[in-house]
Amino acid sequence: MSDIEKLKCLIIGSGPAGYTAAIYAARAEMKPVMYQGMQPGGQLTTTNEVENFPGYPDGISGPEMMIQLEAQAKRFETDIRFGFITKVDFSGNVHKCWTEDGHEIHADTVIIATGASAKYLGLPSEKKYLDLGGGVSACAVCDGFFYRGQETVIVGAGDSACEEAHYLSKLCKKVTMLVRKNEFRASKIMADRVKNTPNIEILFNTETLEVLGDGQGVTGAKVKNIQTNEEKIIPCTGFFVAIGHQPNTEVFKDFIELDEVGYIKYAQPGTSKTNIAGVFVAGDAADKTYRQAITAAGTGCIAALDAERYLAAKGH
Ligand code: NDP
């Protein structure tokens, strides 16, 4: 029993949601412990420049912003640990969690801020330019601005792809949308909006063979019509992928209510409460619609305040 660590507040995940929850929880004397997870800093560490987070008039790189958020959380003595939670048991009054090396934690409150991961096509050339920060992106709202006046390609046929294609169409000279089937998956209204936008060209039955570049940035996409086998090159400087996200919630699935994709369901809209009392959620693990750093940070604040009120009601 002596090896079990007892905490008032455990935060799982270290994106803007987790760090904001940590700042609020620490300032409320909840002595939060954060496990950073597989990708410390979260999805923003794969973003170049963040220009839409208020308070940074000149923009800031994603990794730099996460370093600053970490420093702010540490300033109030959040205990930030490298590692991840591999098992939970939320069946009793104490919330039990285990780290990858078997360390057992009993937490009065848990804030889940594990985020979601964008799906990519899996092409080596796509990964190359994603890693280089030179033209591959999974977020048009984050990165579209860098391609204004230029030509871009977007892959996908769901609501996200349509919304992002439409967003890009307002900034870019031309947007080519690659749809692998002969139909959209998106709702009719979203698909119609894309079809009726003059500078969006839709190529159905089309798959990406390779993202082309000059070693520094993207210069085009080599694509193939899977019905005619015709191949062609589409010039572009931005290659956007909008083929869905996978929330990182697998470890919670036996206890926390998830939707069919795996997003955590809020037990009470307008709060961060899950179906388990004392377990709260913040950020993209429960958000398939907005997915912005600022919205994640906002829900991180909500989760910490909800956790604080939960503890106060229990007399802690
Ligand atoms: P979806 O899972 O709905 O759509 C993913 C799309 O990506 C599908 O069209 C799929 O094609 C395509 N795709 C998957 N893998 C590949 C691949 N390897 N190559 C090419 N295409 C691929 O994800 P979304 O992110 O669009 O939406 C997620 C949820 O969020 C949905 O419920 C959506 O309705 C909702 N949403 C709502 C919005 C709104 O209402 N404003 C905005 C954004 C999202 P295929 O169809 O061939 O399987």
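Up top is the structure these notes are about.
Computed from a predicted structure; not experimentally measured.

Novice: Now, about a positive patch on the surface: what can you tell me, with residues and values included?
Specialist: A surface patch of like charges, here positive, comprises Lys 119, Arg 180, Lys 181 and Arg 185. Here Lys 181 lies in the loop between strand E12 (174-178) and helix H6 (188-195).

Novice: A description of the site of the ligand should follow, citing residues and the corresponding values.
Specialist: As a matter of local geometry, the ligand sits amid 14 residues, with Asp 159, Ser 160, Glu 163, Arg 180 and Arg 185 nearest to it. Gly 158 has a polar backbone atom sitting 3.3 Å from an oxygen atom of the ligand. For the shell around the ligand, the element with the highest residue contribution is helix H5 (residues 159-171), accounting for 3 residues. When the residues that make up the shell around the ligand are grouped by side-chain class, the tally is 5 nonpolar, 3 polar and 6 charged.

Novice: Describe unusual backbone geometry, with residues and values.
Specialist: Positive phi is not limited to glycine here, since Lys 31 has a value of about 45 degrees. With respect to the element layout, Lys 31 can be found in the loop between helix H1 (16-27) and strand E2 (33-35). The class for Lys 31 is exposed, based on a relative accessible area of 58%. Notably, Asn 205 is not glycine yet its phi reads approximately 50 degrees, a positive angle. With respect to the secondary-structure elements, Asn 205 resides in the loop between strand E13 (200-203) and strand E14 (206-213).

Scoring rules and cut-offs
- Residues numbered from 1 in each chain as written.
- Predicted model: local features only at pLDDT ≥ 70, side-chain atom pairs only at ≥ 80, totals over all residues.
- Heavy atoms only, no water.
- Patch = residues over 30% accessible without salt bridge, like charges linked within 9 Å, V, L, I, M, F, W, Y side chains within 5 Å.
- Areas by Shrake-Rupley, 256 points an atom, 1.4 Å probe, with all protein chains shown as cover.
- Salt bridge = Lys/Arg side-chain N within 4 Å of Asp/Glu carboxyl O.
- Lys, Arg positive; Asp, Glu negative; His and termini not counted.
- Charge placed at Lys NZ, Arg CZ, Asp CG, Glu CD.
- Helix = DSSP H or I, 4+ residues; strand = E, 2+ residues; numbered from the N terminus.
- Near = heavy atom within 4 Å.
- Polar contact = N/O pair within 3.5 Å; in protein donor to acceptor, adjacent residues only side chain to side chain.
- Nonpolar A, V, L, I, M, F, W, Y, C, P; charged D, E, K, R; others polar.
- Buried < 20%, exposed > 50% of the residue type's maximum accessible area, 1.4 Å probe, protein only.

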